[in-house]
Amino acid sequence: MAALRLKSRRTDATRSAALHKRSDGELIVLARGGNADAFEVIYDRHCAAAYSLACRICGAGGAAEDVAQEAFLALWRARDRYDARRGEVRSWLLGIVHNAAIDRLRRSGVHKRRRASADGIEERAEAPERTEAEVEQCEQARHVRHALEMLPEEQRRVIELAYFDGLTHTQIATSLEQPAGTIKGRMRLGLVKLHAQLGAEESAADAERVTR
Amino acid sequence: VSGVADNGGHARWQGDAAAYALNALEDAEVTVFEAHLAACAQCRQELDAMREAVNRLPAAASTLAGL
């Protein structure tokens, strides 16, 4: 994803270290003023997560890279519109990745899930800056997947169909032949349980680890 | 469609908050929900909790993607 890297001025170590201490929200504000270095720090923090999510939806490889690239470009273009009250930069970015990945699947007419190919894994392993984040994600993943598995099947299913398959609640309702209100209710019950299971404290620790 | 919700009908918005956090609302519903959200602290709080849960989901995705 070398093309993703915004052309930036060479920064001295002190300035770069200072940027790395900033929160994403602060960096976005700096990026608004045209500070590409600030945006690059955001990129470095979240490129692994963005790529991973794109892989999950599109399959590993060129398509996922394109999706991640598009998402960062969209984030850059939309940086003036960022509103902290509407959520974290990371969530916003992953929402963009998600939508871009789903759009791409729809355009290509391929909806089924794909696993990463062996090629894709090697490709990712070659990028050393991703490895550390991926290891952390791997540890977290076990925990999150366990929490998902603990949910009643009907709740887990609607969450997965919405988040990983990119279906709207209406599409899910049609697919499962259930009223839309029921689907939304299941989503809510499932998310409430996930939240309780995973804990806000740990979620905050996660965000800290990933974004700092 | 106003931003004012009576207590009796609030469960409907809770479901919307969950679907919104999952990017699963229809476009027209997003507009309506966001208008409501601007006027409802309870829903903003609800949405924050939903988002905390949703924010954890990409972690599961990374492992499923092949690690």
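Since we're looking at a predicted model, the values are computed, not measured.

Time to look at the overall build of chain B. Along its length, chain B carries three helices and zero strands. Put simply, chain B runs from its N terminus to its C terminus through helices and strands in the order α-α-α. Across the 67 residues of chain B, 52% fall into the buried class. Within chain B, contacts between residues separated by at least 24 positions form 56% of all contacts whose residues are at least 6 apart in sequence. Carbon and sulfur atoms make up 51% of the accessible area of chain B, which amounts to about 2900 Å² in all.

In this section: the overall build of chain A. Helix and strand content of chain A: 11 helices and zero strands. When the helices and strands of chain A are listed from N to C terminus, the series reads α-α-α-α-α-α-α-α-α-α-α. For chain A, buried positions account for 44% of its 212 residues. As displayed, chain A offers around 10700 Å² of accessible surface, 50% of which is attributable to carbon and sulfur atoms.

Residues and elements named next belong to chain A. Direction vectors running N to C along helix α8 (residues 153–163) and helix α10 (residues 180–198) enclose 100 degrees, while the axes themselves pass 8 Å from each other. With respect to each other, α8 and α10 are oriented roughly perpendicular. Residues Glu-154, Gln-155, Val-158, Ile-159 and Ala-162 of α8 touch α10, and the partners they reach there are Ile-183, Arg-186, Met-187, Leu-189, Gly-190, Leu-191, Lys-193 and Leu-194. Residue composition of the contact of α8 with α10, by class: eight nonpolar, two polar and three charged.

Within the largest apolar cluster, 69 residues are counted, with the highest numbers of intra-cluster contacts made by Met-187, Leu-191 and Leu-194 of chain A together with Leu-22 and Leu-57 of chain B. If one sorts the elements of this core by residue count, helix α3 (residues 36–58) of chain A sits on top with 14 residues. Contact partners of Leu-22 of chain B, with chain neighbours within four places excluded, come to Ile-159, Ala-162, Tyr-163, Met-187 and Leu-191 of chain A together with Val-54 and Leu-57 of chain B.

We now examine the pattern of salt bridges. Where charged atoms of side chains with opposite charge meet at close range, the side chains can pair. Per the counting criterion, the structure on display carries seven salt bridges over all chains. Two residues, Glu-153 of chain A and Arg-156 of chain A, come together in a salt bridge whose shortest N-O distance is 2.5 Å. Here Arg-156 of chain A and Glu-153 of chain A lie together in helix α8, a separation of three residues that amounts to about one turn. For Asp-16 of chain B, the salt bridge goes to Arg-12 of chain B, with nearest N and O atoms at 3.8 Å. Here Asp-16 of chain B pairs with Arg-12 of chain B, and both are found in helix α1 (residues 10–21), just four residues apart, close to one helical turn.

So, about the confidence of the model for chain A. Looking at chain A, pLDDT values average 76 and 69% of them are 70 or higher. The model gives residues 1–9 of chain A a pLDDT under 50, and that stretch makes 26 contacts with residues more than four places away or in other chains.

With that out of the way, let us pick up unusual backbone geometry. Comment: phi is negative for the bulk of residues other than glycine, and the bulk of peptide bonds are trans. Within the chain, Glu-177 of chain A stands out as a residue other than glycine whose phi angle is a positive 55 degrees. By the secondary structure assignment, Glu-177 of chain A is in the loop between α9 (169–176) and α10. Located in the positive-phi region is Asn-23 of chain B, a residue other than glycine, with phi close to 60 degrees. With respect to the helices and strands, Asn-23 of chain B occurs in the loop between α1 and α2 (27–39).

All names here are of chain B. Residues at a pLDDT of 70 or more form 72% of chain B, whose mean pLDDT is 78. No element of chain B has a lower mean pLDDT than helix α3 (residues 41–64), at 80, and none a higher one than α2, at 92. For residues 1–8, every residue scores under 50 in pLDDT, and the model assigns this stretch seven contacts once sequence neighbours within four places are set aside. Low pLDDT (under 50) marks residues 62–67, which in the prediction has 20 contacts with non-local residues, meaning those over four places away or in another chain.

Attention now moves to the packing of α1 of chain B against α2 of chain B. All names here are of chain B. It is at 11 Å that the axes of α1 and α2 come closest, and there the two elements cross at 115 degrees. Regarding α1 and α2, the two cross each other, and that crossing is left-handed. Here α1 contributes His-10, Arg-12, Trp-13, Asp-16, Ala-17 and Tyr-20 to the contact with α2, which in turn contributes Val-30, Val-32, Phe-33, Glu-34 and His-36.

Conventions adopted
All residue numbers refer to positions counted from 1 along the written sequence of the respective chain. For this description, chains carry letters from A and ligands carry numbers from 1, given in the order in which they are written. Local features in this predicted model are restricted to residues whose pLDDT is 70 or higher, and side-chain atom pairs enter the listing and the counts only when it is 80 or higher, whereas totals over whole chains, interfaces and linings include all residues. Calculated side-chain values reflect all of the structure's heavy atoms, with hydrogen atoms and water omitted. Think of it this way: any DSSP run of H or I at least four residues long counts as a helix, any run of E at least two long counts as a strand, and we number them from the N terminus. Buried means the residue's accessible area, taken with a 1.4 Å probe over protein chains only, is under 20% of the maximum for its type, while exposed means over 50%, and partly exposed covers the values in between. Any two residues whose heavy atoms approach within 4.5 Å are treated as being in contact. Here the open area of atoms and residues is found with the Shrake-Rupley method and a 1.4 Å probe, where only the protein chains shown may cover a residue. Angles shown run from 0 to 180 degrees and are taken between the N-to-C directions of axes, each axis being a line fitted to C-alpha atoms and, for helices, limited to the stretch in contact. Convention used here: angles under 35 degrees read as roughly parallel, angles over 145 as roughly antiparallel, angles from 65 to 115 as roughly perpendicular, and any remaining angle as oblique. Residues are sorted three ways: Asp, Glu, Lys and Arg are charged, Ala, Val, Leu, Ile, Met, Phe, Trp, Tyr, Cys and Pro are nonpolar, and all the rest, Gly among them, are polar. Definition of nonpolar core: a set of buried residues of the types Ala, Val, Leu, Ile, Met, Phe, Trp, Tyr and Cys, connected through side-chain atoms within 4.5 Å. The term salt bridge refers to a side-chain nitrogen of Lys or Arg lying within 4 Å of a carboxyl oxygen of Asp or Glu. Here pLDDT means the predictor's own confidence in every residue, given as a number from 0 to 100. The crossing is said to be left-handed when, going from far helix to near helix, the turn is anticlockwise and less than a right angle, and right-handed when the turn is clockwise.

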